[in-house]
Amino acid sequence: FSSLKLQPELLKNIESLGYVKMTPIQAQSLPPILAGKDVIGQAKTGSGKTAAFGLGILEQLNVRNTRVQALVLCPTRELADQVSNALRRLARMCPNVKVLTLCGGMPYRPQVSSLGHGAHVVVGTPGRIAKHLRTGSLNLGSLRVLVLDEGDRMLKMGFQEEVDAIIAKTPEARQTLLFSATYPREIQSIAEKVMRDPVMAKVESTHDSGS
Ligand code: ADP
Ligand code: MG
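Residues numbered from 1 in each chain as written. Chains lettered and ligands numbered in written order. Predicted model: local features only at pLDDT ≥ 70, side-chain atom pairs only at ≥ 80, totals over all residues. Heavy atoms only, no water.

### Description of the packing of aromatic side chains
The tally for this structure, following the rule as stated, stands at two aromatic pairs. A ring pair is formed by Phe 53 and Phe 179, whose centres lie 5.4 Å apart and whose planes are at 50 degrees; its orientation type is tilted. Of this pair, Phe 53 sits in helix α3 (residues 49-59) while Phe 179 is found in strand β6 (residues 175-180), placing the two residues 126 residues apart along the sequence. Like Phe 53, the residue Phe 179 is buried in the burial classification. (Phe/Tyr/Trp six-rings, centres within 6.5 Å; stacked < 30°, edge-to-face > 60°. Helix = DSSP H or I, 4+ residues; strand = E, 2+ residues; numbered from the N terminus. Buried < 20%, exposed > 50% of the residue type's maximum accessible area, 1.4 Å probe, protein only.)

### Here's the deal with the packing of helix α5 (residues 108-116) against helix α6 (residues 126-135)
Two quantities define a packed helix pair, namely the angle between the helix axes and the distance between the axes. As a packed pair, α5 and α6 sit with axes 12 Å apart at the nearest point and diverge in direction by 65 degrees. Both α5 and α6 take part in a crossing whose hand is right-handed. Side by side, α5 and α6 meet where Tyr 108, Gln 111, Val 112 and Leu 115 of the first sit next to Arg 128, Lys 131, His 132 and Thr 135 of the second. (Axes fitted to C-alpha atoms, helices over the stretch in contact; angles between N-to-C directions. Left-handed = near helix turned anticlockwise from the far one by under 90°. Contact = heavy atoms within 4.5 Å.)

### Observations regarding the environment of Leu 58
Within the secondary structure, Leu 58 is located in helix α3. Expressed as a C-alpha distance, the spacing of Leu 58 and Gln 69, which sit eleven residues apart in the sequence, is 9.9 Å. The residues contacting Leu 58, other than those within four sequence positions of it, are Gln 7, Leu 10, Leu 87, Leu 90, Ala 91 and Val 97.

Okay, structure coming up:
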C-alpha cells in the first residue's frame with residue numbers, strides 16, 4: 001500500500017487494520033482508480049474489492065463539502081450495510097467523514113432527514129436511491145465517483161432500469177467504477193454505455209490458492 005499515493009491517515013489506518021499488502025485485485029485496480037480512471041474490477045468474492053473502491057473514494061473526498069460526492073450501488077440491503085461498515089472502518093482516521101446508507105425496506109422519512117444533514121458518501125440499493133432522486137431529497141450534482149458493486153447480481157435482480165435512471169442524474173464528468181464477480185454480456189454493454197475508456201482489472205480464479 002505504501003507505493004500508493006494515499007493520505008497518511010489512510011495508510012496509517014490500513015496498517016492498523018492489519019492489511020500488510022494489497023490483494024491482487026487491489027494491486028491491479030487501485031493505481032488506475034487513484035489516477036481517476038474508470039475501472040472495471042473483476043475478481044471472486046472475498047478478494048478485497050470493497051477496499052479497492054473504498055480507498056479510491058476516501059482519497060478524493062473533500063470533507064468540508066457536505067454534498068454527496070460518492071455513491072455506491074449494491075444489489076441488497078445486507079451488502080449495502082456491509083459496504084457502509086467497511087467504508088466507515090477504512091475512514092476511521094479521517095475526521096468527520098459521513099457515510100449514509102439508503103436501502104429499501106427501511107423507513108423512508110428518517111432517510112430524508114438524514115440526507116438533510118448532509119453526507120459525503122451514500123451507499124444503497126437502486127430502488128430506494130432512485131426514489132430519493134425522483135422526490136428531490138437526494139441531489140447528485142456534486143457527485144465525483146459512482147460505484148456499481150456486484151454489477152452482475154444487480155442486473156440479475158432486475159435493477160437495470162433504476163440503475164439507468166440513477167446514472168442519468170449524475171454528472172458526466174464523474175469517475176465510474178464497476179465491480180463484478182463475473183462479466184456477462186449484459187455487464188459489458190452497460191460498461192460500454194456508461195463508462196469512459198475503462199481500464200480492465202481482472203484476477204482469474206484458478207483451482208487452488210487462486211490469485
Ligand atoms: P469482495 O468485495 O471482493 O467480495 P471484500 O472487499 O468484502 O471482498 O473483502 C473481503 C475481506 O478481506 C474483508 O474482511 C476485508 O477486510 C479483507 N481485506 C481486504 N483487503 C485486504 C488486504 N489488503 N489485506 C488483508 N485483508 C484484506
Ligand atoms: Mg464486494
